[in-house]
Amino acid sequence: MAHLLITGHSRGLGAALTHQLLNEGHCVLGISRHPIRELHQFKSSAFQELCADLGQNAGIASTLESKLFEDFFNNVEQAILINNAGLLGPIGRAGQINGADITQSIAVNVAAPLALTNRFLAITGRCKDRRIAHLSSGAARTPYPGWNIYCASKAALDHHARCISLEGPEYCRIESIAPGVIDTQMQAEIRACSLEQFPMRQKFDQLKESGSLAPSESVARKLIQHLFSQSFGMSPCTDLREI
Ligand SMILES: NC(=O)c1ccc[n+]([C@@H]2O[C@H](COP(=O)([O-])OP(=O)(O)OC[C@H]3O[C@@H](n4cnc5c(N)ncnc54)[C@H](OP(=O)(O)O)[C@@H]3O)[C@@H](O)[C@H]2O)c1
């Protein structure tokens, strides 16, 4: 039985991961702004939640200092951190987006996962199987006009995973994984953009119309299979569609 901290567990891919992992008998600590009531059917020893706004420095700090975070990983056989929470916005060309939205996005997409990783490694030093998964994106590796903040933030996660891999913390594997295009609220946000904000929007309209968006449940299944495999962390940056 593994202990997994999952950020952004309240919907989308994070919710699908949380449901499947709990049904497989693992223990999950979820961090989002919104709680998921229906998961309280699971025993409190299996599922716990921390409501925090990772878009604010104060929310990141309270999470890092939380006793629950430390206690959750105390004396566990397998400790896993899934940095899944992410924001696509602000969408738009540089010079036309709101500065405060940039700060919030970088907090959720970069500051929180880097700080959580640092704390996770500090408190799990005695665990003999530690795994860290960053949810990256194809946008980390291919530039998209209108997504300058999102692309840069996901590229930061990729490079962070490469660096930690070189640092080689004991009994630790890390991987920054692009999950492919998933039918979640984030894709709905893309389709709600104007062409002025995101000139490539029609490509994503077509993916939805042609039924090419992957359901979050099947992406979660594949991700979990890979996460527990021997090959996890062999390469610091991967694409789930190629695994
Ligand atoms: N969907 C795709 O096609 C796609 C493609 C490539 C990569 N990804 C990546 O995969 C991950 C999951 O994406 P998704 O599509 O499942 O996204 P989503 O449906 O928009 O869900 C995002 C999750 O992040 C949490 N979150 C957002 N802002 C937060 C904040 N300030 N503090 C705490 N939690 C916050 C949300 O919870 P609350 O609102 O409750 O806080 C929610 O649980 C993301 O990192 C995304 O970049 C997605």
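Reference entry: report on the structure contained in this document. Just so you know, these numbers come straight off a predicted model, no measurement behind them.

Quick look at the site of the ligand
Line of reasoning, step 1. Near the ligand you find 26 residues, and of these Gly-8, Gly-12, Arg-33, Gly-86 and Thr-184 are the closest.
Line of reasoning, step 2. At the level of elements, helix H1 (12-23) and helix H6 (185-191) are the ones that each hand at least two residues to the shell around the ligand.
Line of reasoning, step 3. Broken down by class, the residue content of the shell around the ligand amounts to 10 nonpolar, 13 polar and 3 charged.

Brief notes about the packing of H1 against helix H8 (residues 216-227)
Line of reasoning, step 1. Running from N to C, H1 and H8 cross one another at 60 degrees; their axes reach a closest spacing of 8 Å. By the angle class used here, H1 and H8 are oblique. Crossing handedness for the pair H1 and H8: right-handed. Packed against H1, whose contacting residues are Gly-12, Leu-13, Ala-16, Leu-17, Gln-20 and Leu-21, the element H8 presents Ser-216, Glu-217, Val-219, Ala-220, Arg-221, Leu-223 and Ile-224 at the interface.
Line of reasoning, step 2. Among the residues making up the contact of H1 with H8, the classes are represented as 8 nonpolar, 3 polar and 2 charged.

A closer look at the environment of Ser-231
Line of reasoning, step 1. Structurally, the position occupied by Ser-231 is in the loop between H8 and strand E7 (237-239).
Line of reasoning, step 2. Residue class for Ser-231 comes out exposed when judged on the 11 C-beta atoms lying within 10 Å of it.
Line of reasoning, step 3. For the pair Ser-231 and Leu-68, spaced 163 residues apart in the sequence, the C-alpha separation amounts to 30 Å.

Considerations on the nonpolar core
Line of reasoning, step 1. In terms of nonpolar packing, the biggest core is built from 54 residues, with Leu-17 and Ile-82 touching the most fellow members.
Line of reasoning, step 2. Not counting the four nearest positions on each side in its chain, Ile-82 is found in contact with Leu-4, Leu-5, Ile-6, Leu-17 and Ala-133.

Calculation notes
- Counting of residues starts from 1 at the beginning of each chain's written sequence and follows it residue by residue.
- Where local features are concerned, this predicted model is filtered to residues with pLDDT of at least 70; where side-chain atom pairs are given and counted, the filter is 80 or more; whole-chain, interface and lining totals use all residues.
- Near, for a residue, is defined by distance from a backbone-placed C-beta atom to a molecule or strand, with 6 Å as the limit that must not be exceeded.
- Where helices and strands are cited, they refer to DSSP runs of H or I of at least four residues and of E of at least two residues respectively, numbered from the N terminus.
- Gly is put with the polar residues, along with every residue not named as nonpolar or charged; the nonpolar set is Ala, Val, Leu, Ile, Met, Phe, Trp, Tyr, Cys and Pro, and the charged set is Asp, Glu, Lys and Arg.
- For helices, the fitted axis covers only the stretch in contact; all axes are lines through C-alpha atoms, and the angles between them, taken along N-to-C directions, range from 0 to 180 degrees.
- Convention used here: angles under 35 degrees read as roughly parallel, angles over 145 as roughly antiparallel, angles from 65 to 115 as roughly perpendicular, and any remaining angle as oblique.
- Two helices crossing with the near one rotated counterclockwise from the far one by less than a right angle form a left-handed crossing, whereas a clockwise rotation gives a right-handed crossing.
- Think of it this way: build a C-beta for each residue from its backbone, and any pair within 7 Å is a contact.
- With C-beta atoms placed from the backbone, a residue is buried if 20 or more other C-beta atoms are within 10 Å of its own, exposed if 12 or fewer are, and partly exposed between those counts.
- Throughout this description, the term nonpolar core refers to a group of buried Ala, Val, Leu, Ile, Met, Phe, Trp, Tyr and Cys residues whose C-beta atoms join them within 7 Å.

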